[in-house]
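Results of the structural survey
If you want the building blocks of each chain, they are given just below.
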Amino acid sequence: WMALATMFTDSLAIVLKNANLEETDFEEAAFEMGEDFAEYIYATGTNNHVYRQPLKGLSTAGHWQFVGKGSVISLIADGELLIGIGDNKKPYKQSFPELSTSSDWHHAARG
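Residues numbered from 1 in each chain as written. Predicted model: local features only at pLDDT ≥ 70, side-chain atom pairs only at ≥ 80, totals over all residues. Heavy atoms only, no water.

Residues at a pLDDT of 70 or more form 67% of the chain, whose mean pLDDT is 74. Taken together, the stretch residues 1-18 has pLDDT below 50 and engages in 42 contacts with residues farther than four places along the chain or on a different chain. Per-residue pLDDT stays below 50 along residues 23-30; that stretch engages in eight contacts with residues further than four places along the chain or on separate chains. (pLDDT = per-residue confidence, 0-100. Contact = heavy atoms within 4.5 Å.)

Right, here's the structure in full:
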């Protein structure tokens, strides 16, 4: 797989292609975010869902866990807030504590 990452103080943006993503249906996997969210890197898959992998032991062969539904093509984190650009090119937001396989994204800007 190929990953491109850019660091911005407390923020990290990443794009994944051909990653080892867990294929799971929403109905079959319930996921609730824990307080350990800062110990992971988050990314969007080619299916535009949100995945994560532990920072400790991060590798190209690592397993990416499905953690969020939605149609987001890009992500950036700012503290406890996750901001995603939807496939409609509009910004959406969700806090890490709310992120789950059943939670919805909220508009991050007017317009």
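Next up on the list: the side chain of Arg52. Residue placement: Arg52 occurs in strand 4 (residues 50-54). By relative accessible area, Arg52 is classed as buried at 7%. Looking at Arg52, its side chain comes within polar contact range of the side chain of Tyr40, at 3.5 Å. (Helix = DSSP H or I, 4+ residues; strand = E, 2+ residues; numbered from the N terminus. Buried < 20%, exposed > 50% of the residue type's maximum accessible area, 1.4 Å probe, protein only. Polar contact = N/O pair within 3.5 Å; in protein donor to acceptor, adjacent residues only side chain to side chain.)

Another aspect to go through is the pairing of strand 4. Counted residue by residue, strand 4 has four buried out of five residues, so it is predominantly covered. For strand 3 (residues 40-44) and strand 4, the ladder comprises five bridges, and the chain directions are antiparallel. Pairing of Ala43 across the sheet is with Tyr51, part of strand 4. Between the antiparallel neighbours strand 3 and strand 4 lie five residues, among them Asn48 with a positive phi of about 70°. Sheet topology note: the strand 4/strand 5 (residues 65-68) ladder contains three bridges and is antiparallel. Residue Tyr51 lies in a different strand from strand 5, and its bridge partner there is Phe66. (Pairing = 2+ DSSP bridges.)

Moving on, we get to the packing of aromatic side chains. Under the counting rule described, the total for this entry stands at three aromatic pairs. On the basis of an interplanar angle of 55° and a centroid distance of 5.8 Å, the ring pair of Tyr51 and Phe66 is categorised as tilted. You can see Tyr51 sitting in strand 4 and its partner Phe66 sitting in strand 5, a full 15 residues away along the chain. Each member of the pair, Tyr51 together with Phe66, is buried. Between Arg52 and the ring centre of Tyr40, over which it is positioned, the NZ or CZ distance is 3.6 Å. (Phe/Tyr/Trp six-rings, centres within 6.5 Å; stacked < 30°, edge-to-face > 60°. Lys NZ or Arg CZ within 6 Å of the ring centre and 35° of its normal.)

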